[in-house]
Amino acid sequence: MSTKTSAAPFSFTAEQRGALDGWAKRYPTKVMGLIEALRQVQDWYGEVPLAADGPLAELFGVTRHHIREVVTFYPYFSHEKAGKYRVAVCRNLSCHLAGAGGVIERLEKALGVPEGRATSDGLFSWEAAECLGACDHAPAFAVNDELLGTATPAAVDAALSGCRSGKPPKAAPSIAPAAPKCGDKALLTRGFAEPKLHTLEVYRKFGGYNAWEKARKMAPADITAEVKKSNVRGLGGAGFPVGMKWETVPPKSVRNVPHALVVNADESEPGCFKDRVILERNPHALIEGVQIAARAVDADHCYVFMRGEYAAQKRVVEAAVAEAKAAGLLDRDVLVMQGANAYISGCDTALLETMEGKKAWPRQPPPFPTVVGLNGWPTVVNNVETLMMVAQVLAVGGDAFAAAGVPKSGGTRCFSISGHVERPGVYEFPLGTPFEDLLAAAGGVKGGRKIKAVIPGGTSTPVLTPEEAAGLKLDFDSLRGKGSFLGAGGVIVLDDTVDMVDVLFIIERFLWVESCGQCTPCREGSGWATRILDRMRKGLGAAEDPDNLVRIGENVTGKVICALGDTVGMVAMAMIKKYRADFEKRLGKR
Amino acid sequence: MAKLVKFKLNGKDVEAPEGQLVIDAAKDQGVEVPHYCYHPGLGNPGVCRLCVCEVAGAPKPQMTCRTAVKEGLDVKTDSPVAKRAQASSLEFHLANHPLDCPVCDQAGECHLQDYYQRFGLYKSTVREDKRHKEKRKDIGTWVMLDQERCIQCTRCTRFVDNVTKTHELAVFGRGDRSVLDLYPGMRLDNPYSGNVVDICPVGALTDKDFRFSVRAWYLDRTPSVCTGCARGCSVEVHTNTKRPWHTGGRRVARLKPRYNPEVNGWWMCDEGRYGYKSADAKTRVKGSSVLGTDGQPAQLTPADAAARVAKELRELCADNGPEGLAFLVSASLTNEDLFALKALMKRLGVPLSNAVLAPGADQLGEEDALLRRKEKVANLSGAAALGFGVTKGPEALKGKVWGAWTVGRAGHGSWIGLPFTLWQGANAVRGSDTARWVLAGAHWTETDGTVVNFSGRVQRLRAAVPPLGESAPAWAWFGSVLRALGGAFPHDDAGSVFAALSAAEPAFAGLKFELPKDGVLLPKGRPEAATA
Amino acid sequence: MNAKHTVAKVRRPEVRFQEQIYLIEVWKGLVITTRHLLVNLYRHLSVALGRGGPAGSVTTQYPDDPQVTAKRSRTRHRLLKREDGTPRCVACMLCETVCPAKCIYIQAEESPDVMVEKRAKTFKIDLGMCVFCGYCVEACPEDAIRMDTQFIAFPGMTRKDLIWDMPELMGDVKKDPKPVKAVDPLGPAAS
């Protein structure tokens, strides 16, 4: 196998054992602490040594090969010994458009080592990462999962020298527009002008936890009914009506086992960074939403599963939980669990697999997670923003929330917008808002250029032409009507300097890197499509390549286990259908 | 037994038990659905995406291995959508698969080849360089791994995780960089390692013992039973008689387990699997002989040998009394062999208790919870059912005998100086050439007959090849000596012997020689005295 | 199999007196021979005088003159080598399987090169049994065997001598008699 980790014998120190033990005891089952324990081992040693498999297996009650499977699966665990400071530069779409390629070249020269290899002093290693969730700071970079904003030469140099002098930089705070662009229609971002919105005191000043006080006295079924009335839909990508999902949870009278509520904070969809911003700026809204939801579905355990790259956001949320707990606001404790930097962990069933300490291989419902989820318990998995909106639903009332949006897509949502716009960022708008309004809020197309393409909901959603984007209403059903999806609301605007072959290559390469490999069409199809596009990118396209890509896309979509596989096909099919000319330009002279 | 429900399969109205997997229901109806990851003994993960069907009312194609039969289900495995999905899944499996067919042992019995011919037949459009992984990796005593050929069906990992629980193999990595590999430092050396070669649909896991020896399409396959231990796993004997130069003159090329839900499921142990070599080993006794006064063996024809042995026995029995003749007999002899032996002993007047069938120390071995039994003989229960004592060793007869007729087991050393010593069997063992008479016995792969396993199940052995040289089954030897003594033995084939046995022995009453393929329990159940 | 046969009576021509005395038959034969002589003489003269027309028969002084065959003829086999000199044959057994005369005998072994994996230890063709059908060439996936040597003579003193193994078939051990001239049937003779 590819890992070159050392097999030399070693043992953990007593202190290390204590820390690992802590992970094993943190959750209801030992193995739930495995991933975070492995992160710790990676941080201590720059790798997870082969010889550590035995002691870890014993401690967590699994086999050695389970440990090694997990270690070789997740991107956080390095194949070779990593440097003390791991520098990640995003190479995904928005950052690529902003010049990530140049940043990477410069970094490689500065450090003098190839990707993944540690410098001779053991201080640094670097990687060209996939979306870090910081498209508003494109091209973005991070050191040891601390997001450091835009990778200007000065910023990168400052970060490197900070590390060299033993003072590694902490994450730069997220910026979001102080005044909501949708005026008084804003629900979540209404208090964003207030820099300390993340503290309990300020949050309460904005009416925070009033909804929870109300809900605390309601019957769980009534909470669910209110949520149903509001037409609030999942804002993490799937857009499933929230109340309907909660109703599928079997009550304890039917299934008397613990129930769980899991917040999906694994936001890794390229183009989406709204969860990052709202978590950091308004964490209490999440906690409030969690308490309300947990009451509605009778959850005994509440977790926030946070992507590894949001280290700063994890700290903010944990601080807020502590505040709320101290104020006696929590009926149920909330634990934040950190992932191991895999996009596929964002798929709900794969997320549960990661939480259970396994490879993130998505499951195949039925049964659905609300019936058999975490550890076999009925589990509701909801996106961060969705649960924050649940708090707003209880605050303003289900009918009012529904009215704020459009039929079947109630309320507002936070849109991430990046790419070729003047002011990339997070903007809250009611569902059904015209695309032009969102574009205007972001300052319009950068440099006043013409739009060539609009990606509406993250790179996993089929692309829209400017004609399709004109007059487009941003709600779930309107997007469906145009053959695409609202998804997680990550809008990327592409101007007429962009070549769609490059764009599709970046998207397919991302899917290929992140594919879990469980099912054959996605595992093989994503790699195949990426290699064809790479060849085309270099001007060596064959005449049949565009049609072959469409055919591959048709063959993958609908035949796979999870949506990542479907995306491999749908994105390619839409791109080639709508921008064929770009592809034909890359055909070599054969 | 679940209730039968009606559902539609490819337009036809059919019935199946409610809850049965559609892929199995289709198989029962004679409809083949191509698949890799599904295996009835290893579960249905639904990861290969090949067993696709169209289900009326479902927006996306479904997997037949993950869909259960229910009333009113309407399933099509041959619709254009289903066929395209099957062909495209094959295309994805083959996209990175190396063009190894000419050098791969799986050729001719490969599910990629076979399914391509039946469900694929598309033109390849792959122009890219394929992914490269480790090839020709020796991972165990019996198994070779080629990572490039692996299609990640996970059957082998599920086998070592759930059946043998030894966890040697796993899929490491992510995406198309995933590789099937050993856990570093481990070897695939559990006692059932050969089974992963059977379940691997492609040539990723191949048998080192069989490597490059002969092409699968040259082999003939005969269903039989392994005689390695008292479990009596159903097997298939694969023989190469078409191209003898391939297997170095060996006729029996390999053994494969045969599915038998009552005995061994889908598996067999390595000891049994690789025990076929005795069939063509140099130790095979091909002709009978008698030691001359010069100490050298003189060859005898079978007729001669039988006649002279009969003459000598008649004389010795008359002079010394038949109770001085002992029969040390391997409990792997078939029921037919033992029935003929009984008749011979009766004719000679030798008491039945003079037959020693209890396994010797060299015929006992390891036992486990999966398949292996500690008695490394195949027909202990059959012997008990026929009235032989199977618990007393030869010590009871020591010092009281003038003759020892040993069949298929090591001779008892101190008996070699006796007036009458005879060794009969297929493979010579230590000391067998010191016996005065040597009779060439047929190997179990050359034998038609029946054996009874430890749980009282009777199964059929079938001869895959004719006996080597002038060897003959034990019942034929006993029968011809019996005839030479003037007794009656009107049987030319094992079936005839069994018919007589079934008529004469209450334990086998009503049984026919053409037993069902899974065998059948003895009418009166497992004989009590069978345990050694 | 046990059908009743009826034996058909074949009417054979009577041997007449003029045939019995034989001399007339001898004369008839000589007429044929003389006709051949004169026609060929005429044809040779025509060609020699530049007047064209069909060529006369020529007796090739084989083996001093080379035998002439068409380039596409299926002639004696050869086993091809890779660029590094090792045989292309990977002992896949397809030729052995397809051979209708069952005259190919291959034994496989491990190749030291992991990218090749398998090779032939022995590769025997019994040229005495071969029917020169060319199926082995068609079946081979490696282009390891061809029947294009243009050799059609492979004499031996015993039947065993006609069984050629790899060294002979690869050309490492020479057993060929005089070379043969190959022609393109549509054009002038080429060597």
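Throughout, a residue's number is its position along its own chain's written sequence, starting from 1. To read the labels, note that chains go from A and ligands from 1, taken in the order they are written. Two thresholds apply to this predicted model, a pLDDT of at least 70 for residue-level local features and 80 or more for giving and counting side-chain atom pairs, whereas whole-chain, interface and lining totals are computed over all residues. Here the side-chain values reflect all heavy atoms present in the structure, with hydrogen atoms and water set aside.

1. Considerations on the overall build of chain C
Stage number 1. Runs of E in the DSSP output that reach at least two residues are strands. Runs of H or I that reach at least four are helices, and both are numbered from the N terminus. The helix and strand inventory of chain C stands at five helices and seven strands.
Stage number 2. Reading chain C from its N terminus to its C terminus gives the helix and strand order α-α-β-β-α-β-β-α-β-β-α-β.
Stage number 3. Expressed as a percentage of the 191 residues in chain C, the buried residues total 29%.
Stage number 4. Contact between two residues is taken to exist if any of their heavy atoms lie within 4.5 Å; hydrogens are not considered. Of the contacts formed within chain C by residues at least 6 apart in sequence, a portion of 61% connects residues at least 24 apart.
Stage number 5. A total of about 13,600 Å² of accessible surface is found on chain C, and carbon and sulfur atoms cover 58% of it. Exposed residues in this analysis have more than 50% of their type's maximum accessible area, buried residues have under 20%, and partly exposed residues fall in between, with area computed by a 1.4 Å probe over protein chains only. Residue burial considers only the protein chains on display, and all accessible areas are found by Shrake-Rupley using a 1.4 Å probe.

2. Examining the interface of chain B and chain C
Stage number 1. Residue-level contacts link 15 residues of chain B with 25 residues of chain C.
Stage number 2. A simple way to read buried area is as the amount of 1.4 Å-probe accessible surface that goes missing from two parts once joined, with both sides added. Taken together, the two surfaces of chain B and chain C that pack against each other cover about 1,700 Å², and 54% of this comes from carbon and sulfur.
Stage number 3. Looking at the side of chain B facing chain C, the largest losses of area belong to B:Arg136, B:Phe212 and B:Trp245, adding up to 38% of the total buried there.
Stage number 4. Note on definitions: salt bridges are taken to be side-chain nitrogens of Lys or Arg within 4 Å of carboxyl oxygens of Asp or Glu. There are four salt bridges connecting chain B and chain C.
Stage number 5. Ionic pairing is found between B:Arg136 and C:Glu110, a salt bridge with its closest N-O pair at 3.1 Å.
Stage number 6. Any pair of N or O atoms that falls within 3.5 Å is considered a polar contact. Within protein, one atom must be able to donate a hydrogen and the other to accept it, and sequence-neighbouring residues count only if both atoms are side-chain atoms. Inspection of the region where chain B meets chain C yields 16 residue pairs in polar contact (both at pLDDT 80 or more).
Stage number 7. Along the lines of polarity and charge, the residues of the side of chain B that touches chain C split into six nonpolar, one polar and eight charged. Note that Gly is not counted as nonpolar here; it falls among the polar residues with everything else outside the nonpolar set of Ala, Val, Leu, Ile, Met, Phe, Trp, Tyr, Cys and Pro and the charged set of Asp, Glu, Lys and Arg.

3. A few points about the pattern of salt bridges
Residues and elements named next belong to chain A.
Stage number 1. Throughout the structure, instances matching the rule amount to 93 salt bridges over all chains.
Stage number 2. In this structure, Lys-229 and Glu-226 form a salt bridge, with 3.8 Å as the shortest nitrogen-oxygen distance. Highlighted residues: Lys-229 and Glu-226, both in helix α10 (residues 220-229), separated by three residues, approximately one helical turn.
Stage number 3. For Glu-226, a relative accessible area of 18% corresponds to the buried category.

4. Describing the domain arrangement of chain C
Stage number 1. Taken domain by domain, chain C comprises domain 1 (12-58) and domain 2 (77-145 + 159-174).
Stage number 2. Here the C-alpha centre of domain 2 of chain C lies 47 Å away from the C-alpha centre of domain 1 of chain C. Source of the domain bounds: an automatic or database domain assignment.

5. A closer look at the side chain of B:Thr445
Stage number 1. You can see B:Thr445 is positioned in the loop between β20 (437-440) and β21 (449-452).
Stage number 2. Looking at B:Thr445, its side chain comes within polar contact range of the side chain of B:His443, at 2.8 Å.

6. Concerning the sheet that holds strand β3 (residues 140-143) of chain A
Residue and element names in this part refer to chain A.
Stage number 1. Ordered by their spatial adjacency, four strands build an open sheet running β2-β1-β3-β4, and the pairing between neighbours is mixed. This sheet does not close on itself; its edge strands, each paired only once, are β2 (124-129) and β4 (146-150). Across the sheet, the axes of successive neighbouring strands diverge by a mean angle of 20°, strand direction being ignored.
Stage number 2. Direction of pairing for β3 relative to β4: antiparallel, over a ladder of three bridges. Within β4, the position partnered with Ala-142 by the bridge is Leu-147. Paired strands are those between which DSSP finds at least two bridges. Axis definition: a line fitted to C-alpha atoms, over the contacting stretch in the case of helices. Angles run 0 to 180 degrees between N-to-C directions.

7. A look at the packing of aromatic side chains
Stage number 1. Think of it this way: a Phe, Tyr or Trp ring, Trp meaning its six-membered ring, pairs with another when their centres are within 6.5 Å, and the plane angle makes it stacked under 30 degrees, edge-to-face over 60, tilted otherwise. If you walk through the whole model with that rule in mind, you get 24 aromatic pairs over all chains.
Stage number 2. Consider the rings of B:Tyr36 and B:Tyr115, whose centres lie 5.5 Å apart with planes at 50°: the pair is tilted. Linking B:Tyr36 in the loop between α1 (22-28) and β3 (52-55) with B:Tyr115 in helix α3 (residues 111-120), this pair joins segments that are 79 residues apart in sequence.
Stage number 3. Here B:Tyr115 falls in the buried class, since its relative accessible area comes to 4%.
Stage number 4. Joined through ring pairs, the aromatic side chains of A:Phe73, A:Tyr74, A:Tyr76 and A:Phe77 make up one cluster.
Stage number 5. We count a charge as sitting over a ring when the NZ of a lysine or the CZ of an arginine lies within 6 Å of the ring centre and within 35 degrees of the ring normal. A cation over an aromatic ring shows up here: A:Arg413 above the ring of A:Phe415, its NZ or CZ 5.8 Å from the ring centre.
Stage number 6. A cation over a ring is seen here: B:Arg177 above A:Trp512, with NZ or CZ 4.9 Å from the ring centre.

8. Considering the confidence of the model for chain C
Stage number 1. Averaged over every residue, the pLDDT of chain C is 88; the share at 70 or more is 90%.
Stage number 2. For this predicted complex, the interface confidence reaches an ipTM of 0.94, while the overall pTM sits at 0.93. A score from 0 to 100, pLDDT tells how confident the predictor is in each residue.

9. Thoughts on the environment of A:Met575
Residues and elements named next belong to chain A.
Stage number 1. Mapped onto the elements, Met-575 comes out in helix α24 (residues 563-578).
Stage number 2. Residue classification places Met-575 among the buried positions, given a relative accessible area of 1%.
Stage number 3. Each C-alpha atom of the pair Met-575 and Met-500 lies 7.4 Å from the other, and the pair is 75 residues apart in sequence.
Stage number 4. Those residues within four positions of Met-575 in sequence are excluded, and the remaining contacts are Val-463, Met-500, Val-503, Leu-504, Ile-507, Arg-580 and Phe-583.

10. Quick word on the side chain of A:Glu288
Residues and elements named next belong to chain A.
Stage number 1. One can find Glu-288 in helix α13 (residues 283-297).
Stage number 2. Buried within the structure, Glu-288 lacks any salt-bridge partner; its nearest side chain of opposite charge belongs to Arg-190, at an N-O separation of 7.9 Å.
Stage number 3. At 3.1 Å, the side chain of Glu-288 forms a polar contact with the backbone nitrogen of Trp-212.
Stage number 4. In contact with Glu-288, other than residues within four places in its own chain, are Tyr-203, Gly-208, Tyr-209, Asn-210, Ala-211, Trp-212 and Ala-391. Residues scored as charged are limited to Lys and Arg (positive) and Asp and Glu (negative), so that His and the chain ends carry no count.

11. Section: the domain arrangement of chain B
Stage number 1. By domain assignment, chain B separates into domain 1 (4-95), domain 2 (128-212) and domain 3 (288-530).
Stage number 2. The C-alpha centroid of domain 3 of chain B is placed 42 Å from the C-alpha centroid of domain 2 of chain B.

12. Digging into unusual backbone geometry
Stage number 1. A cis amide bond, omega -10°, links A:Ala138 with the succeeding residue A:Pro139.
Stage number 2. By the element assignment, A:Pro139 lies in the loop between β2 and β3.
Stage number 3. Look at the link from A:Pro366 to A:Pro367: it is a cis peptide, with omega at 0°.
Stage number 4. Note that A:Pro367 resides in the loop between α15 (348-355) and β8 (379-383).
Stage number 5. The backbone phi angle of A:Asn341 is positive, close to 70°, even though this residue is not glycine.
Stage number 6. Locating A:Asn341 in the fold gives a position in the loop between β7 (334-338) and α15.
Stage number 7. Using a relative accessible area of 13% as the deciding quantity, one classes A:Asn341 as buried.
Stage number 8. Even without being glycine, C:Asp143 reaches a positive phi, approximately 50°.
Stage number 9. Positionally, C:Asp143 belongs in the loop between α4 (135-139) and β5 (145-146).
Stage number 10. Under the relative-accessibility criterion, C:Asp143 is labelled partly exposed at 33%.

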